[in-house]
Amino acid sequence: MQTFLAVFWPPVLVLIAAIIILHIWASALDEPFLLPTPRAIVRIAINRRDDLLSALWTTTEAALIGFFCSAAGGIAAGVALSASSLVRRAFYPYTVFFQTVPIIAVAPLLMIWCGPGLPAVALCAFIVSVFPVIAGTLTGLLSTDPALEDLFRLYGASRWAKMWKLRLPSALPSIFTGLRVAAGLAVIGTVVGEFLVGVYGPREGLGVRIVSAKKQGRTDEVFAAVLVASLLGLAMFAVINLAAKLLLGRWHASEQDH
């Protein structure tokens, strides 16, 4: 119980302080169109809960598809790049494209190629989130302890044995760091994709609801949808943290309680 309180009371206090400050600021400004009060945001979220939950599910679907594709593709690309310095010099500079590409400019092309809806939005999430996984995997694989590599070589371990039993386990902390970053970026890429190409037919994602509410001047609903999208990103981040804790908690210092 004490450990639980020690972990959660600092962010809870910060959240309470932020809500109080936002309420005072919004009340003093007295311009609901510019800055609604936290009470107004909560009220509209409750009143529109069915619409927001439906939009949340649509956005979650695209974000998870993009995230899992970036996790699988990023780890595979990192492994491939780590296999040869020549391959790394030839292809790694092009992976930076995923980090530097202006997704707002590319999204219309994705709509032309994939059509409007889930495929284009999930591809936006993938493009935005894959580079941290590639970078984290590659960094972890290249940081394997040379002494352990020599030990495996001394015992005649094959290349695949060294990869599966030494290099990948050693790289897990870096891989999970990349996955944590990718989880938040996948949600961002999904919402941005929905701004531009998120036509799901009768279904609307959070990005579509944000654009619709903005056009109608419902700033409180914009804040509510943004809050729900942020909670989605936090939930995905928490799941990655839990997985890291379960896999690394017993042997790696970064996941142990201090």
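In this text, all values refer to a predicted model and were calculated from it rather than measured experimentally. (Residues numbered from 1 in each chain as written. Predicted model: local features only at pLDDT ≥ 70, side-chain atom pairs only at ≥ 80, totals over all residues. Heavy atoms only, no water.)

Details of the overall build of the chain
Next, step 1: Along the chain, the regular secondary structure elements total eleven helices and zero strands.
Next, step 2: Listing every helix and strand of the chain by position from the N terminus yields α-α-α-α-α-α-α-α-α-α-α.
Next, step 3: In terms of overall dimensions, the chain has C-alpha extents of about 70 × 55 × 25 Å along its principal axes.
Next, step 4: Considering the chain as a whole, with its 258 residues, one finds that 38% of them fall into the buried category.
Next, step 5: A separation threshold of at least 6 residues defines the contact pool for the chain, and within that pool the share at least 24 residues apart is 73%.
Next, step 6: For the chain, the computed accessible surface area is about 14900 Å², with 71% contributed by carbon and sulfur atoms. (Helix = DSSP H or I, 4+ residues; strand = E, 2+ residues; numbered from the N terminus. Buried < 20%, exposed > 50% of the residue type's maximum accessible area, 1.4 Å probe, protein only. Contact = heavy atoms within 4.5 Å. Areas by Shrake-Rupley, 256 points an atom, 1.4 Å probe, with all protein chains shown as cover.)

Comments concerning the environment of Ser 54
Next, step 1: Its location among the elements puts Ser 54 in helix α3 (residues 49-82).
Next, step 2: Sequence separation of Ser 54 and Val 106 is 52 residues, and the distance between their C-alpha atoms is 27 Å.

Focus: the pattern of salt bridges
Next, step 1: Counted by the stated rule, this structure contains four salt bridges.
Next, step 2: A salt bridge links Glu 221 to Arg 48; the shortest N-O distance between them is 3.1 Å. Of the two residues, Glu 221 is situated in helix α11 (residues 219-248) and Arg 48 in the loop between α2 (38-47) and α3; the sequence distance between them amounts to 173 residues.
Next, step 3: Look at Glu 221 and you get buried, because its relative accessible area is 1%. (Salt bridge = Lys/Arg side-chain N within 4 Å of Asp/Glu carboxyl O.)

Re the packing of helix α9 (residues 159-197) against helix α10 (residues 206-215)
Next, step 1: Where α9 contacts α10, the axes come no closer than 7 Å and their chain directions differ by 55°. Here α9 lies oblique to α10, going by the angle between them. As for the relative orientation of α9 and α10, their crossing is right-handed in sense. Each of Val 191, Glu 194 and Phe 195 in α9 lies in contact with α10, whose residues at this interface are Leu 206, Gly 207, Val 208, Ile 210 and Val 211.
Next, step 2: Partitioning the contact of α9 with α10 into residue classes produces six nonpolar, one polar and one charged. (Axes fitted to C-alpha atoms, helices over the stretch in contact; angles between N-to-C directions. Parallel < 35°, antiparallel > 145°, perpendicular 65-115°, else oblique. Left-handed = near helix turned anticlockwise from the far one by under 90°. Nonpolar A, V, L, I, M, F, W, Y, C, P; charged D, E, K, R; others polar.)

Considerations on the confidence of the model for the chain
Note that predicted coordinates carrying low pLDDT should not be read in detail.
Next, step 1: Scored by pLDDT, the chain comes out at a mean of 85, with 92% of its residues at no less than 70.
Next, step 2: Of all the helices and strands in the chain, helix α1 (residues 2-29) carries the lowest mean pLDDT, 73, while α3 carries the highest, 94. (pLDDT = per-residue confidence, 0-100.)

Structural notes on the environment of Leu 110
Next, step 1: The topology assignment puts Leu 110 in helix α6 (residues 103-114).
Next, step 2: Assessed through its relative accessible area of 2%, Leu 110 is described here as buried.
Next, step 3: In this structure, Leu 110 is in contact with Gly 115, Ala 120, Leu 123, Cys 124 and Ile 127, ignoring residues within four places of it in sequence.

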